[in-house]
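A structural walkthrough
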Amino acid sequence: MKDRADPLVSIAAGLWIALAVVLSIVVVARNPHRQSVYPAFSTAARAWRAGETIYQPGGQGYRYAPVVAPGLVPLSLLPDRVGGLLWRWINGIALVGGLWACRRVGVPRVWTAPGWAAVFLLVFPDAVANLNNGQPNALVLGLMLLAVAAVDRERWQVASACLAAATLLKVYPAALAGVLIVLYPRQLGWRYALWLAAGLAAPLGLQRFDYVREQYRLWFEYVWGENRQIAALDHWYRDIRLPLKVWFDVDLSQRVYRGIEAVAGVAIAVGCWWMKRRGAERRWLLGLAVGWTTWWMTLLGPATETVTYLILAPALAWAMVESFTRPVAPWRRVVIVAAFSLMLSVHVSGWFGGRAYLTLGPSALAAMLYGVWMGGERRGNGCKL
């Protein structure tokens, strides 16, 4: 009872409740096409119902897998104000539910209520930005965290379904799925494959075969053909290539960047597998998997935007709480505080129209510092958190 009465718990709960109320009022009151990506989803869902193409020339508007469009048909039957509000509620509930599920199982560590309240507070700024404009990153992240909590409880079907759903929404959560399959191949491998195959095949039962095939063709064409690095810097993706270009005048070609992605992804999977072989405690290992894969999804991901860094926010929050609840080297505490400060500065700069500041790559620099923090992690050989 004492923990629940802690001021930090009250502040965290109050902020999230206030966000739900204020955001609901704002979404209903303002033009549904202003500061919102939801119309791209509802337009695609309506096009799906009519048997029209859901992908616009040049990759503008809807950019997700074809399976997402029919999933949003129920919301598209409503006015965009109402559908947009419900969409944000779905995203917010998924995110809070995922964080809460990890809290219940103690991934990556069992903290007191104030410690977890701090996690919710630290994730809050990135959540506001995503929920405000209707980006699905909160839903994707929530599904990933629910999957991790389900793995800890050995609920393999739930974990596989959540991982498959997240992958169908954004593709790159396949990185987390891949690492978890390396750790638990018999339990997750075939289940994840079946759920993913079912999701990819589901649209075939909802529209004409030739129409669905064409939508998949257009989607693959967009996914493999997009290259924002040939545009002006302020249109670049916010991955490692941006600070390398701005600060060191280093240009990474698409081929080199994809190679770095692949090598880093394999290294993460092998590293997590090796820690398991050494006897790492499961919850710590799951936290490690989330930390490294979300780092990869943002700093080395295939389509990282500023709002995408919500994906890294829980791991960064966990590291912040960890740095102040157990003895760590002073340099590591400085590094993780600097990383969080850079992430926070992105939102503060928005108050002053800081598009030029974002071109300097503060989010990517924060992820780089988080990688330094993770590189200093030496626990896991039978160590109980």
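Below is a short write-up of the structure. (Residues numbered from 1 in each chain as written. Predicted model: local features only at pLDDT ≥ 70, side-chain atom pairs only at ≥ 80, totals over all residues. Heavy atoms only, no water.)

**Remarks on the overall build of the chain**
- A count of helical and extended segments in the chain gives 18 helices and zero strands.
- On C-alpha atoms alone, the chain measures out to a radius of gyration of 20 Å, which is about the 21 Å that the 2.2 N^0.38 rule sets for 385 residues.
- Its C-alpha atoms give the chain principal-axis dimensions of roughly 60 × 50 × 45 Å.
- Put simply, the chain has 385 residues, and 53% of those count as buried.
- The long-range fraction of contacts in the chain, counting pairs at least 24 apart against all pairs at least 6 apart in sequence, stands at 75%.
- Total accessible area on the chain is roughly 17,300 Å²; 67% of this is exposed by carbon and sulfur atoms. (Helix = DSSP H or I, 4+ residues; strand = E, 2+ residues; numbered from the N terminus. Rg over C-alpha atoms; globule rule 2.2 N^0.38 Å. Buried < 20%, exposed > 50% of the residue type's maximum accessible area, 1.4 Å probe, protein only. Contact = heavy atoms within 4.5 Å. Areas by Shrake-Rupley, 256 points an atom, 1.4 Å probe, with all protein chains shown as cover.)

**Focus on the environment of Glu154**
- Position of Glu154 relative to the elements: it lies in the loop between α7 (137–152) and α8 (156–170).
- Accessibility expressed as a relative area gives 47% for Glu154, which makes it partly exposed.
- Sequence separation of Glu154 and Met144 is ten residues, and the distance between their C-alpha atoms is 15 Å.

**Overview of the layout of surface pockets**
- By volume, the largest pocket is sized at about 1,400 Å³.
- What lines the largest pocket is a set of 43 residues, among which Asn133, Gln135, Thr306, Val307 and Arg355 lie closest to the centre.
- Looking at the lining of the largest pocket, the elements with two or more residues in it are α1 (7–29), α2 (38–50), α6 (113–133), α16 (330–350) and α17 (355–358).
- The greatest single-element share of the lining of the largest pocket, amounting to seven residues, is contributed by α6.
- Residue composition of the lining of the largest pocket, grouped by class: 17 nonpolar, 18 polar and eight charged.
- Counted as a void, the second largest pocket has a volume near 780 Å³. (1 Å grid on protein atoms, 1.4 Å probe; cavity = no way out; pocket = protein on both sides within 12 Å on 5 of 7 lines; lining within 4 Å. Points joined across faces, edges and corners; volume = space filled by probe spheres on them. Nonpolar A, V, L, I, M, F, W, Y, C, P; charged D, E, K, R; others polar.)

**Overview of the packing of α6 against helix α15 (residues 313–325)**
- Following both chains from N to C, one finds α6 and α15 inclined at 140 degrees, their axes separated by 9 Å at the closest point. Here α6 lies oblique to α15, going by the angle between them. Read as a crossing pair, α6 and α15 show a hand that is right-handed. Facing α6, whose interface residues are Gly115, Trp116, Ala118, Val119, Leu122, Val123 and Asp126, α15 presents Ala313, Pro314, Ala317, Trp318, Met320 and Val321.
- Along the lines of polarity and charge, the residues of the contact of α6 with α15 split into eleven nonpolar, one polar and one charged. (Axes fitted to C-alpha atoms, helices over the stretch in contact; angles between N-to-C directions. Parallel < 35°, antiparallel > 145°, perpendicular 65-115°, else oblique. Left-handed = near helix turned anticlockwise from the far one by under 90°.)

**Observations concerning the pattern of salt bridges**
- According to the stated counting rule, one finds 13 salt bridges in the structure shown.
- Here Asp210 makes a salt bridge to Arg208, at a shortest N to O gap of 3.4 Å.
- A relative accessible area of 44% means that Arg208 is categorised as partly exposed.
- Here Glu221 ties to Arg217 by a salt bridge, and the two come within 3.1 Å at their closest N and O atoms. Of this pair, Glu221 and Arg217 both sit in helix α11 (residues 209–225), four residues apart, roughly one helical turn.
- A relative accessible area of 41% places Arg217 in the partly exposed class.
- Through salt bridges with shared partners, a single ionic network connects Arg109, Glu322 and Arg326. (Salt bridge = Lys/Arg side-chain N within 4 Å of Asp/Glu carboxyl O.)

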